[in-house]
Amino acid sequence: MSLISEAEARKLWQDALEKKCWHERKIRFVMFDWRPEMGKISYRPAPAWPTVANGENKADRATFLNLVERILRQGDRFSSLGSVPRVGIRPEIELAPHPIDEQTIRQAILETMNAIQPGAVNQEQILRSALVSHLPTQFREAIGTRFSAFHPELPTPSDTYTRTGDRQMRARYDIGFGHPRQAAAIVGVMELKAIKGSVAALIRSDRVDESSENGDVEPVDRDFLRDDLEKLLDPRLPGSAMRVSWVVAGTRSRLTTSKIIESVQRTLVRLVRAEARQELDHQTGWLKWAWANPDIVLHLAWYHPHAAESDAFESVWSDLNTCHL
């Protein structure tokens, strides 16, 4: 075994770099001088010398030279990657989504709710897939093309949302309709919730443990209803955009309909400090909140299992008559 010192090893390392004309590249720090505070580095190991040096800071010459070759091979690979033309850049295309209107969106939701069954819808992905299957053919077949008017995870127009920490950024709608990049051309947005329990799970201040007989309040870490409604009321959405909170619950709630409405109302008051008009849409069975200023309408398409038919859903608001705030 032939041992070399760090000084000798540095000389061999420098000679190897100069042969490659790499003596001024970042790789020169890898063997001896790289430290975490210098930033990220793709070479492994870094620093490399300590992995072969003994307690006297000496290393076997053959072992060290093998290590040099291993790191140089990494450098060759990274150099090759850097010289390859960037063929993976996504090409810009001219988006031309099929025209879609509120009636088409509404009809797709109603047909979906007539088809799906309690117990089979336990997550948002299933609900979203069911909706796609009930869209008109031209919209289904256009998904994945520049003509698509259906956009899962559509970014919000505003970038002022904070969920953790203080950083403000965009949020995402579960589904958007219209143009995927131009806020003014968004036709509709939707937030989906598929709940195994009842709609009481959405109500933070009044969430009730439905399994308990005394109806004790159960604490909730996240105000999901407020999060969803805040996005649906984004001020940069066009006033004409359809805004739908679509909730499918697995069980019926013991809370009265008026109690649920009161909780929703409190959430809306915190979000929009303006007078609203509330009414039941008899054609859809959805509850609507409308504001004159700003000129927007919020649809609550909330469903739970039918009281008389176990294999069907009905609107949470089915026992309401038209009423006003």
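The following refers to the structure shown. The structure displayed is predicted, hence computed values, not measured ones.

1. Quick look at the overall build of the protein
Looking only at helices and strands, the protein features 7 helices and 10 strands. Counting all 325 residues of the protein, 42% fall into the buried class. Of the contacts formed within the protein by residues at least 6 apart in sequence, a portion of 61% connects residues at least 24 apart. For the protein, the computed accessible surface area is about 18,100 Å², with 48% contributed by carbon and sulfur atoms.

2. Quick look at the packing of helix H6 (residues 224–232) against helix H7 (residues 257–271)
Relative to each other, H6 and H7 sit at 50 degrees, their axes nearing to 10 Å. Judged by the angle between their axes, H6 and H7 are oblique. Both H6 and H7 take part in a crossing whose hand is right-handed. The segment H6 lies against H7, with Leu-225, Arg-226, Leu-229 and Glu-230 engaging Val-264, Thr-267, Leu-268, Arg-270 and Leu-271.

3. Re the side chain of Ser-158
Along the chain, Ser-158 falls in the loop between strand E3 (150–155) and strand E4 (172–178). A residue is classified by how much of its surface remains accessible, and Ser-158, at 4% relative accessible area, is buried. The residues contacting Ser-158, other than those within four sequence positions of it, are Met-169, Arg-170, Asp-234, Pro-235 and Arg-236.

4. With respect to the pattern of salt bridges
A full pass over the atoms with the stated rule returns 12 salt bridges. The shortest N-O distance in the salt bridge between Glu-191 and Lys-231 comes to 3.0 Å. A residue pair is termed long-range when its members are at least 10 positions apart, and Glu-191 in strand E5 (residues 186–195) and Lys-231 in helix H6 qualify at 40 residues. Assessed through its relative accessible area of 2%, Glu-191 is described here as buried. We classify Lys-231 as buried; its relative accessible area is 11%. Between Arg-270 and Asp-223 there is a salt bridge whose closest N-O contact spans 3.6 Å. With Arg-270 in helix H7 and Asp-223 in the loop between E5 and H6, this pair connects stretches of sequence that are 47 residues apart. For Arg-270, a relative accessible area of 41% puts it in the partly exposed group. For Asp-223, a relative accessible area of 12% puts it in the buried group. Linked through salt bridges whose partners overlap, the residues forming this network are Glu-6, Arg-10 and Asp-33.

5. Looking at the side chain of Glu-314
Mapped onto the elements, Glu-314 comes out in strand E10 (residues 313–315). Relative accessible area serves as the criterion here: at 14%, Glu-314 is assigned to the buried category. A polar contact is formed between the side chain of Glu-314 and the side chain of Arg-252, at a distance of 2.6 Å. Setting aside its immediate chain neighbours within four residues, Glu-314 contacts Arg-252, Trp-302, Tyr-303, His-304, Pro-305, His-306 and Ala-307.

6. Digging into the packing of aromatic side chains
According to the stated counting rule, one finds 5 aromatic pairs in the structure shown. Ring plane angle 75 degrees and centroid distance 5.6 Å describe the contact between Trp-49 and Phe-64, whose orientation is recorded as edge-to-face. Taken together, the positions of Trp-49 in the loop between helix H1 (6–20) and strand E2 (58–60) and Phe-64 in helix H2 (residues 61–83) put the pair 15 residues apart, joining distant regions of the chain. Taking the relative accessible area as the measure of exposure, Trp-49 reaches 4% and is therefore buried.

7. A word on the pairing of strand E7 (residues 276–281)
The pairing of E7 with strand E8 (residues 286–291) spans 6 bridges and is classified as antiparallel. Its bridge partner lying in E8, Asp-281 is registered against Trp-286. Between E7 and E8, which pair antiparallel one after the other, the connecting turn spans 4 residues, and Gly-285 there sits at a positive phi close to 85 degrees.

8. Regarding the environment of Leu-127
Residue placement: Leu-127 occurs in helix H4 (residues 124–133). Given the relative accessible area of 0%, Leu-127 is considered buried. The contacts of Leu-127, once residues within four sequence positions are left out, are Ile-116, Val-121, Leu-192, Lys-193, Trp-246 and Val-248.

Criteria and cut-off values
- Residues numbered from 1 in each chain as written.
- Predicted model: local features only at pLDDT ≥ 70, side-chain atom pairs only at ≥ 80, totals over all residues.
- Heavy atoms only, no water.
- Helix = DSSP H or I, 4+ residues; strand = E, 2+ residues; numbered from the N terminus.
- Buried < 20%, exposed > 50% of the residue type's maximum accessible area, 1.4 Å probe, protein only.
- Contact = heavy atoms within 4.5 Å.
- Areas by Shrake-Rupley, 256 points an atom, 1.4 Å probe, with all protein chains shown as cover.
- Axes fitted to C-alpha atoms, helices over the stretch in contact; angles between N-to-C directions.
- Parallel < 35°, antiparallel > 145°, perpendicular 65-115°, else oblique.
- Left-handed = near helix turned anticlockwise from the far one by under 90°.
- Salt bridge = Lys/Arg side-chain N within 4 Å of Asp/Glu carboxyl O.
- Polar contact = N/O pair within 3.5 Å; in protein donor to acceptor, adjacent residues only side chain to side chain.
- Phe/Tyr/Trp six-rings, centres within 6.5 Å; stacked < 30°, edge-to-face > 60°.
- Pairing = 2+ DSSP bridges.

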